[in-house]
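# Fold and geometry: a report
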Amino acid sequence: MGKIIAFINQKGGVGKTTTTASVAAGMAKLGLKTLGVDLDAQCNLTTSFGVVDANSNTYSTLKGQIQFNPIKLNSHLEILPSSVDLSAFELEMSAEPGKEYLLSELLESVTDQYDYILLDCSPNLGLISINALTAADFYIIPLLPHHLSIQGLTKLLEIADKVKKRLNPKLEMRGIVLTQYNNHKVLHKDIAMVIKNHFGEKLLKPVVREHISLAEAPISGTDIFEYAPKSSGAEDYLNLTKEIIKL
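Residues numbered from 1 in each chain as written. Predicted model: local features only at pLDDT ≥ 70, side-chain atom pairs only at ≥ 80, totals over all residues. Heavy atoms only, no water.

## Thoughts on unusual backbone geometry
For Cys43, which is not a glycine, the phi torsion comes out positive at approximately 65°. Tracing the sequence through the fold places Cys43 in the loop between β2 (34-38) and α2 (44-48). A positive phi angle, near 50°, is found at Gln180, a position not held by glycine. Taking relative accessible area as the criterion, Gln180 reaches 38% and is therefore assigned partly exposed. (Helix = DSSP H or I, 4+ residues; strand = E, 2+ residues; numbered from the N terminus. Buried < 20%, exposed > 50% of the residue type's maximum accessible area, 1.4 Å probe, protein only.)

In structure tokens form, the structure reads like this:
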């Protein structure tokens with residue numbers, strides 16, 4: 001039975017999609033059968049892997065309009081793309097009984113086909129993110145080393161705690177990963193210390209350093225390991241991937 005991991009943060013621009021895509025590619029690189037699920041109507045995970053105009057997507061699949069049919073990227077990595085139509089999902093499903101369990105029900109029948117299923121959540125705490133937390137075994141929070149990023153953690157943890165109590169008793173927060181980290185900046189080191197003091201070992205040791213290749217790789221429609229295999233970005237994300245597997 002595969003593990004389901006949600007990468008979630010209600011703030012945009014924190015490296016959430018980059019982390020989801022890179023960890024998924026890292027797991028595939030290590031020989032693990034991995035599925036990436038794009039739950040963001042902006043479709044960033046989808047385009048990061050060079051997928052465009054996919055007939056099979058999370059919107060149609062969650063609504064039961066089509067069968068689960070992910071796109072195979074290589075022998076170990078598949079992706080269920082998103083669609084701009086997903087932006088209407090919350091409004092359309094507002095009266096649907098059990099609407100929080102739609103993703104969980106979808107993945108329940110395919111979890112044994114994968115070692116890991118990674119959920120790239122939308123940058124909000126709406127119905128899609130609630131579905132992700134309800135389906136997940138645990139969640140990981142990508143976080144910029146800025147004070148404003150820390151301020152949003154409280155609300156996220158509150159919502160996740162409610163999901164755990166009411167919808168998904170197995171849900172756990174397993175890690176915070178600092179992205180776009182620069183060890184030469186005092187602010188970044190201070191933020192890392194604050195998080196370490198508050199969350200202890202939940203702060204995952206492999207921080208992801210700033211590197212231009214991490215911004216360039218999605219534009220090329222490929223992952224960091226193919227785009228710049230010798231970069232610090234590839235090194236950091238491979239180390240992070242191994243750390244997550246240990247969790």
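We are not done yet, so read on.
## Some thoughts on the side chain of Thr179
Secondary-structure assignment places Thr179 in the loop between β7 (172-178) and α9 (186-199). Taking relative accessible area as the criterion, Thr179 reaches 2% and is therefore assigned buried. A polar contact is formed between the side chain of Thr179 and the backbone oxygen of Val14, at a distance of 2.6 Å. For Thr179, the residues in contact, after removing those within four places along its chain, are Val14, Gly15, Thr19, Pro142, Leu143, Leu144, Pro145, Val208 and Tyr237. (Polar contact = N/O pair within 3.5 Å; in protein donor to acceptor, adjacent residues only side chain to side chain. Contact = heavy atoms within 4.5 Å.)

## Re the sheet that holds β2
Taken together, seven strands build an open sheet; the order of strands is β3-β4-β2-β5-β1-β6-β7 and the sheet is mixed. Both edges of this open sheet fall to β3 (71-74) and β7, since each of them pairs with a single strand only. Each adjacent strand pair in this sheet contributes to an overall mean axis angle of 25°, direction not counted. Looking at chain direction, β2 and strand β5 (residues 116-120) are connected through five bridges and run parallel. In the strand pairing of β5, Asp38 is matched with Asp120. (Pairing = 2+ DSSP bridges. Axes fitted to C-alpha atoms, helices over the stretch in contact; angles between N-to-C directions.)

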